[in-house]
Amino acid sequence: MERKAGTAVKPGETELARQLEYIRAIRAENDAFAAENGRKKKFYSLAMGCQMNAHDSEKLEGMLDEMGFDRTDEETEADFIIYNTCCVRENAEQKVYGKLGWLKHYKETKNPDAVIALCGCMMQQETVLQTLRQKYRHVDIVFGTFNLYKLPELVATRMESGETVYDIWQEQREVVEDLPAIRHFPYKASVNIMFGCNNFCSYCIVPYVRGRERSRTPEDILAEVRRLAADGVKEVMLLGQNVNSYGKNLETPMTFAELLREIEKIPGLERIRFMTSHPKDLSDELIQVMAESQKICRHLHLPLQSGSSRILKEMNRRYTKEQFLALAEKIKAAVPGISLTTD
């Protein structure tokens, strides 16, 4: 695509172009494989954990599709297996290790050329990386939460070298927009509005594995929602670790409530949802926007975490039980019939 003279290159565009070149090269190799063997290579994708991981996996799957892989729902049919991992719950980590034990047998007896990739929050922990290097050497590609867009390059490196590829970053370097994606539903889609978290609740690992808060520009968010609406999407879920703090780190600050007002104007879009909201940051402006909106669903997920103010203080949640209850009453009064959910 030619660029008009004097038009600035947007952050991430150069990196996107690099990854698309890798996609094209891998596609050529996979097409040659299909022509020679009478079948296309297949990929299996599994997302564990939160909605953010599920949306990230849509992008991973979109890139694999562009590389010439067909999707399969059976691991035993796959030539490329990718797990997008979660480290918030211990059972999710144990599930990964259990699957890796099975995959070692799969590679040894069924498909020695199968490629196994691991990514996501679990991979940001040094103890996990040490375990993988010591006990699970049949894993081929390992990357984390900050460089998801590099999957094509990592696949190409693995194909060329035949060696295990580890690519773990400790912080976000740039946000790459417009990655290919496979939506799981034709009528609804998720949209990241921000990444990371600054809250550092005492029990939570998310700020360490997802990094500090980084908001996408409203221009990029609105452009993505417009494209989705034009493609028939009726409902969007706006995602962030704490959507209520959206926009604070932008060059021109914008509140989450202001962003919602702009999204509401997009033709064709019928329903707007969002999560997760932190009670300490839920503003009167946001409550007013929810009350006035014709598109924001009458539902709010508002994590409580504990019914004890003492425990909440120990958790570093920065609100009391009484403040939470008062906020819930304020929301119910402003938005009659709203459904409040919590955890």
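What comes next is a walk through the structure. What you see is a predicted model, and the numbers here were worked out from it, not measured in a lab.

The rules behind these values
- Residues numbered from 1 in each chain as written.
- Predicted model: local features only at pLDDT ≥ 70, side-chain atom pairs only at ≥ 80, totals over all residues.
- Heavy atoms only, no water.
- Helix = DSSP H or I, 4+ residues; strand = E, 2+ residues; numbered from the N terminus.
- Rg over C-alpha atoms; globule rule 2.2 N^0.38 Å.
- Buried < 20%, exposed > 50% of the residue type's maximum accessible area, 1.4 Å probe, protein only.
- Contact = heavy atoms within 4.5 Å.
- Core = buried A, V, L, I, M, F, W, Y, C linked by side-chain atoms within 4.5 Å.
- Pairing = 2+ DSSP bridges.
- Axes fitted to C-alpha atoms, helices over the stretch in contact; angles between N-to-C directions.
- Phe/Tyr/Trp six-rings, centres within 6.5 Å; stacked < 30°, edge-to-face > 60°.
- Lys NZ or Arg CZ within 6 Å of the ring centre and 35° of its normal.
- Arc of directions from axis to C-beta.

### Regarding the overall build of the chain
Okay, step 1: Helix and strand counts for the chain stand at 11 helices and 13 strands.
Okay, step 2: Over its C-alpha trace the chain gives a radius of gyration of 22 Å, about what one expects of a compact globule, namely 20 Å for 343 residues.
Okay, step 3: Dimensions along the principal axes, computed over C-alpha positions, put the chain at roughly 65 × 55 × 35 Å.
Okay, step 4: A buried classification covers 51% of the 343 residues belonging to the chain.
Okay, step 5: Put simply, 75% of the contacts in the chain that link residues at least 6 apart link residues at least 24 apart.

### Some remarks on the nonpolar core
Note that soluble globular proteins tend to have their nonpolar side chains buried in a common cluster.
Okay, step 1: Among the nonpolar cores identified, the biggest contains 41 residues, and Leu-238 and Phe-256 are the most heavily contacted of them.
Okay, step 2: Taken together, the elements giving at least two residues each to this core come down to strand E7 (188–192), helix H7 (218–230), strand E10 (235–239), helix H8 (256–264), strand E11 (271–275), helix H9 (284–292) and helix H11 (321–334).
Okay, step 3: Excluding anything up to four places from it in sequence, Leu-238 contacts Val-191, Ile-193, Val-243, Phe-256, Leu-260, Ile-263, Ile-272, Arg-273, Phe-274 and Met-275.

### Description of the sheet that holds E10
Strands in a sheet are paired, the pairing made by backbone hydrogen bonds, and the direction either parallel or antiparallel.
Okay, step 1: Read from one edge to the other, the open sheet built from 3 strands follows the order E7-E10-E11, with strand pairing classed as parallel. Among the strands making up the open sheet, the edge pair consists of E7 and E11. Neighbouring strand axes in the sheet, compared pairwise and without regard to direction, differ in orientation by 25° on average.
Okay, step 2: Judged from the 5 bridges that link them, E10 and E11 form a sheet pairing that is parallel. Note that in E11 the partner of Val-236 across the bridge is Ile-272.
Okay, step 3: Running over the sheet, H7 touches E7 and E10 and is turned about 170° from E7.

### Examining the sheet that holds strand E1 (residues 42–47)
Okay, step 1: The parallel open sheet is built from 6 strands, whose spatial order is E2-E1-E3-E4-E5-E6. Of all the strands in the sheet, the pair left with one neighbour each is strand E2 (70–71) and strand E6 (165–167).
Okay, step 2: The sheet contact formed by strand E4 (residues 115–120) and strand E5 (residues 141–143) spans 2 bridges and is parallel. Its bridge partner lying in E5, Ala-117 is registered against Ile-141.

### Digging into the packing of aromatic side chains
Okay, step 1: Tallied over the full model, the rule gives 8 aromatic pairs.
Okay, step 2: Geometrically, the ring pair formed by Phe-200 and Tyr-208 is edge-to-face, given 5.4 Å between the ring centres and 75° between the ring planes.
Okay, step 3: Accessibility expressed as a relative area gives 27% for Phe-200, which makes it partly exposed.
Okay, step 4: Relative to Phe-274, the ring of Phe-256 has its centre 5.0 Å away and its plane inclined at 85°; by these criteria the two rings are edge-to-face. Of this pair, Phe-256 sits in helix H8 while Phe-274 sits in strand E11, and the two are 18 residues apart along the sequence. With respect to class, Phe-256 is no different from Phe-274; both count as buried.
Okay, step 5: In this structure, Lys-41 is placed above the aromatic ring of Phe-33, and the distance from its NZ or CZ to the ring centre is 5.0 Å.
Okay, step 6: A cation over an aromatic ring shows up here: Lys-188 above the ring of Phe-185, its NZ or CZ 4.6 Å from the ring centre.

### Comments concerning the pairing of strand E3 (residues 80–85)
Okay, step 1: Most of E3 sits out of view: 6 of its 6 residues are buried.
Okay, step 2: The alternating pattern of E3 places Phe-80, Ile-82 and Asn-84 and Ile-81, Tyr-83 and Thr-85 on opposite faces, both of which are buried.
Okay, step 3: As paired strands, E1 and E3 are joined by 5 bridges and run parallel to one another. Each bridged residue has a counterpart across the sheet, and for Ser-45 the counterpart in E3 is Ile-82.
Okay, step 4: Bridge analysis of E3 against E4 gives 6 bridges, and the strand direction is parallel.

### Digging into the side chain of Glu-93
Okay, step 1: Locating Glu-93 in the fold gives a position in helix H3 (residues 90–109).
Okay, step 2: The exposure class assigned to Glu-93 is buried, which follows from its relative accessible area of 15%.
Okay, step 3: Apart from residues no more than four positions distant in its own chain, Glu-93 is found in contact with Cys-86, Cys-87, Met-122 and Gln-125.

### Notes on H9
Okay, step 1: Every buried residue of H9 is accounted for by Leu-286, Ile-287, Val-289 and Met-290. In a view along the axis of H9, the buried residues occupy a sector of 160°, so they form one face of it.
Okay, step 2: The secondary structure elements touched by the buried residues of H9 are H8, E11, strand E12 (299–301) and H11.

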